[in-house]
Amino acid sequence: MNDAQDNGSEEEHPGMSDQELNEIIESLCLSKVEEFILLGYEHVTGKDIWDCVSDRYRKTGLPSLHQIVNDILSLKSTAFMNWMTISMYRGAQF
C-alpha cells in the first residue's frame, strides 16, 4: 500500500507525511476487509482492497484524501469481485 508515495502525496495532501497517509489508507482498507469477511469473502486482504481502489488512480494520480476515504468505504463487494475477475484475465497474481 505504499503507492501513495509513488503518486506525489505531498502535492495532493499538504501537511501530511507519506507515512501518515499510508497508515490512514491501510486502516481504511483493513476496515473494508473486515466488512467483506462478514459477507463471506474470507481471503481478501488490505492490499487487494487498495489495489482495486488505486487502480482508478493510475492515470490521474491520487485524489484528495476525502475522495480516497469515500472510494474505499463505498467499495461494493460486486465491484471488487468484478475488478478481481478482470485482473485475473489480465494476468495479475493473487
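Cut-offs applied
- Residues numbered from 1 in each chain as written.
- Predicted model: local features only at pLDDT ≥ 70, side-chain atom pairs only at ≥ 80, totals over all residues.
- Heavy atoms only, no water.
- Helix = DSSP H or I, 4+ residues; strand = E, 2+ residues; numbered from the N terminus.
- Buried < 20%, exposed > 50% of the residue type's maximum accessible area, 1.4 Å probe, protein only.
- Contact = heavy atoms within 4.5 Å.
- Areas by Shrake-Rupley, 256 points an atom, 1.4 Å probe, with all protein chains shown as cover.
- Salt bridge = Lys/Arg side-chain N within 4 Å of Asp/Glu carboxyl O.
- Polar contact = N/O pair within 3.5 Å; in protein donor to acceptor, adjacent residues only side chain to side chain.

S.K.: Describe the overall build of the chain, listing the residues and the values that go with them.
M.R.: The helix and strand inventory of the chain stands at six helices and zero strands. Burial analysis of the chain (94 residues in total) assigns 36% to the buried set. For the chain, restricting intrachain contacts to residue pairs at least 6 apart in sequence, the fraction spanning at least 24 positions comes to 54%. Within the structure as shown, the chain displays about 6000 Å² of accessible surface, and the carbon and sulfur contribution to it stands at 51%.

S.K.: Outline the pattern of salt bridges, supporting the account with residue identities and numerical values.
M.R.: Applying the stated criterion to the full structure yields four salt bridges. Of the charged contacts in the structure, one is a salt bridge between arginine 58 and aspartate 55, with a shortest N-O distance of 2.7 Å. The exposure class of arginine 58 is exposed, given its relative accessible area of 58%.

S.K.: Summarise the side chain of lysine 32; cite the residues concerned and give the values.
M.R.: Relative to the elements of secondary structure, lysine 32 occurs in helix H3 (residues 18-38). Lysine 32 sits in the buried class, given a relative accessible area of 2%. Looking at lysine 32, its side chain comes within polar contact range of the main-chain oxygen of leucine 73, at 2.9 Å. At a separation of 3.0 Å, a polar atom in the side chain of lysine 32 contacts the main-chain carbonyl oxygen of leucine 75. In contact with lysine 32, not counting residues within four places along its chain, are Ile49, Ile72, Leu73, Ser74 and Leu75.

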